[in-house]
Protein chains: 2
Amino acid sequence: MPDHAYPYHATDGRPDRPLAAGLQRAFDRYPAPRPEDNPLFTNFRYTPLEGFDDHNGDGTVSRRDPSKVLYEHGRYYVWYTKRQTATPPVGMGRAREATDTIASADWDLAEVWYATSDDGFRWREQGPAFRRPDRPAVGWRSNCTPDVLKWRGRFYLYYQAFVEPSGLRGDHCPVAVAHADSPDGPWTRSDRDVLPNGPAGSWDQFAIHDPHPLVHDGKVYCYYKSAYDRPDRLTLGLGLAIADDPLGPFEKHSLNPLINSGHETALFPFERGVAALMIRDGNEHYTVQYAPDWVNFEIASIVEFPPTAAGLFVPDAFDDSGEGQGVTWGLCHFVNAGTPTTQHSILARVDCELTREPHDPAMKSTHRLHKPEFYFDQGLSPEQRARAERNARAFQPADAGVLA
Amino acid sequence: MPDHAYPYHATDGRPDRPLAAGLQRAFDRYPAPRPEDNPLFTNFRYTPLEGFDDHNGDGTVSRRDPSKVLYEHGRYYVWYTKRQTATPPVGMGRAREATDTIASADWDLAEVWYATSDDGFRWREQGPAFRRPDRPAVGWRSNCTPDVLKWRGRFYLYYQAFVEPSGLRGDHCPVAVAHADSPDGPWTRSDRDVLPNGPAGSWDQFAIHDPHPLVHDGKVYCYYKSAYDRPDRLTLGLGLAIADDPLGPFEKHSLNPLINSGHETALFPFERGVAALMIRDGNEHYTVQYAPDWVNFEIASIVEFPPTAAGLFVPDAFDDSGEGQGVTWGLCHFVNAGTPTTQHSILARVDCELTREPHDPAMKSTHRLHKPEFYFDQGLSPEQRARAERNARAFQPADAGVLA
């Protein structure tokens, strides 16, 4: 073989020769040169849950935003947003029509409920973890998007605490917390903003969404989402707030926001660092990212169909072991169940293989075919189709280049 | 606002402050901080084609691997692989059962056909561009995966030229070329390997696939795919071969392979460089990449549902203008039409917006919802489901960390 030709068998490491930028990245940028060998690459597989009554999908019951899944007392626990209203929400754009019984958004007039399971597929809804406080306490309007922390034998639920219908000015809220000695309660609400909005003019001035507590370095690491540069150029950021105690005070990291993409990002300890599952929004949507220092994230893989608003089963979420093992399943939500007039959210199960010791090659395929009908379902609008035909018929070749 | 807080309105450029790695990338790595403003980010929309007879989808007719779409004589032209056999292929794994009339792979015993259209949606199949040569000439067994070049008023079709059924030893072939003075022919085959396999032991020793000619710097730039490190660690690479004349000789670039990912990669001139649409395989699947120097590619965006084996309408593919305008539509294929016993490939139309002057925000959405049923269709296998339930029930919490 000539010295200059790239070898046929060469993927164990970087060959000792000049490389084009694209091949250099295969060896520099990812945990392994091939996704099949990359512990942070996975396929996702979805399963409907059993055990949740949604009123035959009439839009009056909605469940969404599952917390991390916790294993306690020999069973699995999950907390989530539940809205149960006589009529479907009027929509964020008609928030002024919201009343004490008519919701604006799907997550308006909601409360934090919980369910338990023996196998992660069949669930039993147990009821509300706690009720909303009376007006005007923080969270009187809606409590939603909970996540759970276990710390020194006690349990903490962080959740978005609204004092107005979503849509009036945006989706403005801080985060509040409740605590209990058992995952079955009783829960004590703090009725205050434990994770407050940022100062006026700062990126997280209006909203602290999707609190996501983990334990690292002997402290509570609570990641969260905020949306900034609204309304013209909606941008999603991931923030980090750190506290010595679950009830605060939390100090926000000086480098916030930490990531340029994502929406309802799910995180889990991995090796010595933390991994993040980025779904929609931003140039780095559909990626799994990894931060060895829990702050500076790099892209570890690009994935298809990541779960929306995943609440993963993270057995070592609070172990602070420095040896994060990864995740294989969790819950997620779909916000578009039902028809346009009965639209509501449902919880679902997602399986994956984001572990240090993967064992199922069927979860690492880079060649999953979807049927043509799925693609055709995503067709042009009638206006786009008409324009495309018009443009095709009107096409005029430009002046030919010198060689054409 | 405190000096240290990141501002609410700040996406026009990189703020003058320390940034976390993830936010630094928003300003450094992509054509724009947000995909909505990124000319190389797009949604894809798919439309069935009219005018192709596929024998009611019985598997005996297959069309795939469309060339770039060419506009000549006031209409659009496309060339493609067509297989028409009395029975469906037996499959690569049973290639020893292939005969002169029984195909192994879907692209075995195929020829290059062409069709024309006025609008890109309705096509008229015109017949074969040329027939296969007699044995033992290069290409006697199958001609497939054509792409077209226009050079100094003459037309060239590059195509995979097989001398054995695919599957016997792999998918081994070189690339041959035919030329004509009109896109309607007649075509003159060269019956030789104009783009030959690499020397023994080199990455492209067995196969030169998916030839993709463009014009740059006064020369023919023909990109191609090869698969190496088989059979254990199949890896796809993109090569580049350059010639002063379309009939060769071609010189392969010393930095080949140029990209670590992709399969049936589609390319088009963009600004002064070249853009590439990466589909499946490799850590950088589902990306659009850009090489200002036509050699060193960087990720420009991450996309959902990119078209398989796209043949784009690239009006300035051969203009060598240094001002590539981009693409808005093309053809692609699906290899899984029909049922398992009548599986065959079909051509389809894909629309996108990868242009320097995008004008349809509906093609730049980062929030496209798919129905829950689509996700549930991608469920666990029965074995995976049983294992997941078993693991869930058998779960034993590890020794609690110091803080749990």
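Before reading further, recall that the structure is shown in the block above.
So, a few notes on the structure that sits alongside this text. Values in this document were obtained by computation on a predicted structure and should not be read as measured data. (Residues numbered from 1 in each chain as written. Chains lettered and ligands numbered in written order. Predicted model: local features only at pLDDT ≥ 70, side-chain atom pairs only at ≥ 80, totals over all residues. Heavy atoms only, no water.)

**Quick notes on the relation of the copies chain B and chain A**
Move 1: Take chain B, turn it by 180°, move it 0.0 Å along the axis, and it overlays chain A with an RMSD of 0.0 Å. When the rotation and shift are considered jointly, the pair of chain copies conforms to a two-fold rotation axis.
Move 2: In this assembly the copies share their binding face: 100% of the residues contributing to the interface of chain B also contribute to that of chain A. (Least-squares fit on C-alpha atoms with pLDDT ≥ 70 in both. Contact = heavy atoms within 4.5 Å.)

**Describing the interface of chain B and chain A**
Move 1: Taken residue by residue, the interface counts 131 residues in chain B and 131 residues in chain A.
Move 2: For the pair chain B and chain A, the interface holds twelve salt bridges.
Move 3: Ionic pairing is found between Glu298 of chain B and Arg25 of chain A, a salt bridge with its closest N-O pair at 3.1 Å. (Salt bridge = Lys/Arg side-chain N within 4 Å of Asp/Glu carboxyl O.)

**Points about the sheet that holds strand E7 (residues 142-151) of chain A**
All names here are of chain A.
Move 1: Spatially, E7-E8-E9-E10 is the arrangement adopted by the four strands of the open sheet, whose pairing is antiparallel. Looking along the sheet, the strands with just one partner apiece sit at the ends: E7 and strand E10 (188-189).
Move 2: Two strands pair when backbone bridges link them, and strand E9 (residues 175-180) and E10 are joined in this way by two bridges, in the antiparallel orientation. Considered in E10, the bridge of His179 is made with Thr188. (Pairing = 2+ DSSP bridges. Helix = DSSP H or I, 4+ residues; strand = E, 2+ residues; numbered from the N terminus.)

**Some details on the packing of aromatic side chains**
Move 1: Applying the stated criterion across every chain, the model contains 58 aromatic pairs over all chains.
Move 2: Relative to Tyr71 of chain B, the ring of Phe395 of chain A has its centre 4.9 Å away and its plane inclined at 75°; by these criteria the two rings are edge-to-face. Of this pair, Phe395 of chain A sits in the segment after helix H3 (382-394) while Tyr71 of chain B sits in strand E3 (residues 70-72), placing the two residues on different chains.
Move 3: Among the residues examined, Phe395 of chain A registers a relative accessible area of 18% and is labelled buried.
Move 4: Look at Phe313 of chain B and Trp329 of chain B: their rings are 5.4 Å apart centre to centre, the planes differ by 40°, and that puts the pair in the tilted class. Taken as a pair, Phe313 of chain B in the loop between strand E19 (311-312) and strand E20 (324-337) and Trp329 of chain B in strand E20 lie far apart in primary sequence, 16 residues in all. Like Phe313 of chain B, the residue Trp329 of chain B is buried in the burial classification.
Move 5: Each residue in the set Tyr46, Phe305, Phe334, Phe374, Tyr375 and Phe376 of chain A together with Tyr46, Phe305, Phe334, Phe374, Tyr375 and Phe376 of chain B is aromatic and connected to the rest through ring pairs, giving one cluster.
Move 6: Across the ring face of Phe121 of chain A, the terminal group of Arg349 of chain A is positioned such that the distance to the ring centre comes to 3.9 Å.
Move 7: We note Arg135 of chain B situated over the ring of Trp140 of chain B; from NZ or CZ to the ring centre the distance is 4.0 Å. (Phe/Tyr/Trp six-rings, centres within 6.5 Å; stacked < 30°, edge-to-face > 60°. Buried < 20%, exposed > 50% of the residue type's maximum accessible area, 1.4 Å probe, protein only. Lys NZ or Arg CZ within 6 Å of the ring centre and 35° of its normal.)

**Observations regarding the pairing of E20 of chain B**
All names here are of chain B.
Move 1: A large share of E20 lies buried, amounting to eleven of its 14 residues.
Move 2: By the bridge criterion, two bridges tie strand E15 (residues 266-271) to E20 in an arrangement that is antiparallel. Bridging from a neighbouring strand, Glu271 pairs with Gly324 of E20.
Move 3: Pairing of E19 with E20, which is carried by two bridges, proceeds in the antiparallel orientation. Each residue of the ladder has a partner; that of Gly311, found in E20, is Leu331.
Move 4: Pairing of E20 with strand E21 (residues 344-355), which is carried by nine bridges, proceeds in the antiparallel orientation.

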